[in-house]
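Notes for the structure review
Now for the letters of each chain:
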Amino acid sequence: MGDYQRGGTRMKKDWEYKTLKEACIQLFAGGDVPKPYISKTKTKEFSVPIYSNGVENEGLYGYTNSAKIKEQAVTISARGTIGATFRRYEPFFPAIRLITAVPNKEILSIDYLFYALKILTIGNSGTSIPQLTIPNIKNISIPIPPLSEQKEIVEYLDSSFAKIDKLKENAAKNLEEAKALFQSALKDALEPKEGWEEKTMGEICEIIRGKRFVRADIVENGVPCIHYGDLYTHYGLSTTKTKGCINPELAKKMRFANKNDVVVVQAGENKWDIGVGVAYMGEEPAAVHDACFILRHQQNPMYISYYLRSSRYHWYLVDYVHEGKICSFLKPALENAPISLPPLSEQQSIVSFLDSLNEKVNTLQQNYSRICDECDALKQAILRQVFE
């Protein structure tokens, strides 16, 4: 591999360029899912994987009983994560416009094609749903060295990428261990102890439903607002600033979270995520979306916010969630949620301890994101070294 690295420029002199159409014996977009011959799990009858666009689980959609592609191939995501590539060594069925490239084995290996496609900047067509099409990519040229050299390049890249992926894997493992440690500490810290009171959320909080507004109502300047979607994507356990505002006229119809209130998300796509709460610490009241509840109370707001992330609360709440395209729960479920309350001074001590642990988890999360970005950039640098 060292010889390849030192001699890369010399070796590239013998490379020729061909378009994907010229280098592949098949290049096409997948069609419809083969209903009714489909199973979500692999069975004796349905053992052929169906692949579609996407990166999760390498785009596995399900299984069918007949392969459309029996040769080794590379698939290219035409929608969603545009340009994501995967090697397919076994027979499969491509669906939902997934692009399949079957290389001409006499001049091109599947593994080399896989890496050659990763260095390309593949555009997209379409309007509201960006997508790749065969006309987009069929005339894209790739360098094609002799097969023996392709093998050497693939071995070098496989080895390099495996080491990089190991770095990401170790960072992910550290992060997951820290999250598990935090959840264990959270459970222990909130476990009822002598002198604590057993209450329900309805006994200690006034529970107020927000009022409806839509994303299009959110502007840069105006009255602060909290949209339910931002409770998942923008805030942690507390917020002092909101992500957007609504105009003052619309705000006259709204209900507001005040400083120290806790805002609880009432609806979302995942039943395990709804019900989480954010302590609002802003000085100016914020209008709250109707897929949220406002908890007005006399307790430590961060204690309640931590409680709303606890396993005890979520195992209670999940039994009251109505599942559908959007999961949700009704106000009585929150009113009757049990909570153990220590004195206010002890609440503050628990919050300080959990804040310290949570800060360490957040630091690891930031490190993991940084490592992922750096690893992805390193892979691209290695690819450029090889192909450019």
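Quick caveat, the model's predicted, so the values are computed rather than measured. Residue indices begin from 1 for each chain and proceed along its sequence in written order. In keeping with the model being predicted, local features are shown solely for residues with a pLDDT of at least 70 and side-chain atom pairs are shown and tallied solely at 80 or more, while totals for entire chains, interfaces and linings include all residues. Excluded from the side-chain calculation are hydrogens and water; included are all heavy atoms of the structure.

1. Observations concerning the side chain of histidine 297
If you trace the backbone, histidine 297 turns up in strand 20 (residues 292-297). Under the scheme applied here, a residue whose accessible area is under 20% of the maximum for its type counts as buried, over 50% as exposed, and between as partly exposed, the area being computed with a 1.4 Å probe on protein chains only. For histidine 297, a relative accessible area of 10% gives the class buried. In protein, a polar contact means a hydrogen-donor-capable atom and an acceptor-capable atom, both N or O and within 3.5 Å, with residues adjacent in sequence counting only if both atoms are side-chain atoms; elsewhere, any N or O pair within 3.5 Å suffices. Here the side chain of histidine 297 touches asparagine 260 through a polar contact of 2.7 Å, landing on its backbone oxygen. A polar contact is formed between the side chain of histidine 297 and the backbone nitrogen of glutamine 299, at a distance of 3.0 Å. The helix and strand labels rest on DSSP assignments: H or I over at least four residues marks a helix, E over at least two residues marks a strand, and numbering proceeds from the N terminus.

2. A short note on the environment of glutamate 106
In this structure, glutamate 106 sits in the loop between strand 8 (99-103) and helix 3 (110-118). For glutamate 106, a relative accessible area of 69% puts it in the exposed group. Residues glutamate 106 and leucine 147, 41 residues apart in the sequence, show an inter-C-alpha distance of 8.2 Å.

3. Section: the packing of aromatic side chains
Note on aromatic contacts: the rings of Phe and Tyr and the six-membered ring of Trp form a pair at centre separations within 6.5 Å, being stacked when their planes are under 30 degrees apart, edge-to-face when over 60 apart, and tilted otherwise. Going through the model one piece at a time under the given rule, you end up with eight aromatic pairs. For a lysine, the NZ atom is tested; for an arginine, the CZ atom; a charge sits over a ring if that atom is within 6 Å of the ring centre and within 35 degrees of the ring normal. Over the ring of tyrosine 61 we find lysine 40; its NZ or CZ atom is 4.1 Å from the centre of that ring. Lying over the aromatic face of phenylalanine 93, lysine 68 brings its terminal NZ or CZ to 6.0 Å of the ring centre.

4. Points about the nonpolar core
Ranked by internal contacts, the top residues of the largest apolar core, which has 38 residues, are Met201, Leu295 and Leu308. Contact criterion: two residues are considered in contact whenever any of their non-hydrogen atoms come within 4.5 Å of each other. If we ignore the near neighbours within four places in the chain, the residues touching leucine 308 are Met201, Val262, Val264, Gly275, Val276, Gly277, Leu295, Tyr313 and His314. We define the nonpolar core as a collection of buried residues of types Ala, Val, Leu, Ile, Met, Phe, Trp, Tyr and Cys that are connected through side-chain atoms lying within 4.5 Å of one another. If you look at the next biggest cluster of nonpolar residues, it comprises 37 residues, including Phe114, Leu132, Ile137 and Leu157.

5. A word on the confidence of the model for the protein
How sure the predictor is of each residue is captured by pLDDT, a score from 0 to 100. Of all residues in the protein, 94% attain a pLDDT of 70 or more, and the chain-wide mean is 89. Overall, residues 6-10 carries pLDDT values under 50, and its contacts beyond four positions in sequence, including any with other chains, amount to zero contacts. pLDDT under 50 marks residues 123-129. Its contacts with residues more than four places away, or in other chains, come to ten contacts.

6. Comments concerning the packing of helix 5 (residues 147-190) against helix 12 (residues 344-387)
Between N-to-C directions, angles cover 0 to 180 degrees, with each direction set by a line fitted to C-alpha atoms, over the stretch in contact for helices. The geometry of helix 5 relative to helix 12 is characterised by a closest axis approach of 10 Å and an angle of 170 degrees between their N-to-C directions. Here helix 5 lies roughly antiparallel to helix 12, going by the angle between them. The residue classification treats Ala, Val, Leu, Ile, Met, Phe, Trp, Tyr, Cys and Pro as nonpolar and Asp, Glu, Lys and Arg as charged. All others, Gly included, are polar. Looking at the contact of helix 5 with helix 12 residue by residue, the class counts come to 30 nonpolar, five polar and five charged. For classification purposes, angles smaller than 35 degrees are called roughly parallel, those larger than 145 roughly antiparallel, those between 65 and 115 roughly perpendicular, and all remaining angles oblique.

7. Here's the deal with the layout of surface pockets
Both site types are read off a 1 Å grid over the protein atoms alone. A 1.4 Å probe that fits but cannot get out defines a cavity, while an open set with protein on both sides within 12 Å along at least five of seven lines defines a pocket; lining residues have an atom within 4 Å of a point. Grid points are joined across faces, edges and corners, and a volume is the space filled by probe spheres set on the points. Considering only enclosed or pocket space, the largest pocket measures out at about 490 Å³ in volume. If you go around the largest pocket, you meet 18 residues; those closest to its centre are Lys179, Phe182, Gln183, Arg309 and Asn358. Only helix 5, helix 10 (311-317) and helix 12 provide two or more residues apiece to the lining of the largest pocket. Counting residues per element, the lining of the largest pocket draws most heavily on helix 12, which supplies five residues. Volume-wise, the second largest pocket comes out at about 400 Å³. Along its surface, the second largest pocket is lined by 16 residues, and Gly83, Ala84, Thr85, Lys118 and Gln380 are the ones closest to its centre.

8. Structural notes on a positive patch on the surface
Think of a patch as exposed residues, more than 30% relative accessible area, with no salt bridge, where like charges cluster within 9 Å and nonpolar side chains (Val, Leu, Ile, Met, Phe, Trp, Tyr) cluster within 5 Å. Each accessible area value is a Shrake-Rupley result obtained with a 1.4 Å probe; residue values ignore everything except the protein chains displayed when judging cover. When a carboxyl oxygen of Asp or Glu lies within 4 Å of a side-chain nitrogen of Lys or Arg, that pair is called a salt bridge. Positive charges come from Lys and Arg alone, negative charges from Asp and Glu alone, with His and the N- and C-terminal ends not counted. The atoms used to mark charge sites are NZ of Lys, CZ of Arg, CG of Asp and CD of Glu. Taken together, Lys211, Lys253, Arg255 and Lys331 make up a surface patch of like positive charges. Among the residues examined, lysine 253 registers a relative accessible area of 56% and is labelled exposed.

9. Overview of the packing of helix 3 against helix 5
Direction vectors running N to C along helix 3 and helix 5 enclose 65 degrees, while the axes themselves pass 9 Å from each other. Of the two possible hands of crossing, helix 3 and helix 5 adopt the one that is left-handed. Here Asp111, Tyr112, Tyr115 and Lys118 of helix 3 lie close against helix 5, whose contacting residues are Gln150, Ile153, Val154, Leu157, Asp158 and Phe161. Classifying every residue of the contact of helix 3 with helix 5 gives six nonpolar, one polar and three charged. Helix crossings get a hand from a simple test, with the near helix turned counterclockwise from the far one by less than a right angle marking a left-handed crossing and a clockwise turn marking a right-handed one.

10. Thoughts on the side chain of asparagine 358
Topologically, asparagine 358 is positioned in helix 12. On the accessibility criterion, asparagine 358 (17% relative accessible area) is buried. Discounting residues that sit within four places of it in the chain, asparagine 358 has contacts with Phe182, Leu237 and Tyr306.

11. With respect to the environment of leucine 108
Here leucine 108 is to be found in the loop between strand 8 and helix 3. By relative accessible area, leucine 108 is classed as buried at 1%. Sequence separation between leucine 108 and glutamine 183 is 75 residues, and the spatial gap between their C-alpha atoms is 50 Å. If we ignore the near neighbours within four places in the chain, the residues touching leucine 108 are Ala23, Pro103, Leu113, Ile142, Leu147 and Gln150.

12. Here's the deal with the pairing of strand 5 (residues 73-76)
Burial along strand 5 is two-sided: the residues Ala73 and Thr75 and Val74 and Ile76 are all buried. Note: two strands are recorded as paired if DSSP finds a minimum of 2 bridges between them. Across four bridges, strand 5 lies against strand 6 (residues 85-88) in antiparallel orientation. Bridged to isoleucine 76 within strand 6 is threonine 85.

13. Here's the deal with the sheet that holds strand 6
If you trace the four strands from one edge of the open sheet to the other, you get 2-8-5-6, paired in antiparallel fashion. Strands with a single pairing partner mark the edges of an open sheet, and in this sheet they are strand 2 (24-29) and strand 6. Averaged over all pairs of adjacent strands, the angle between their axes in this sheet comes to 20 degrees, without regard to strand direction. Against the sheet, helix 3 engages strand 2, strand 5, strand 6 and strand 8, with an angle of about 175 degrees to strand 6.

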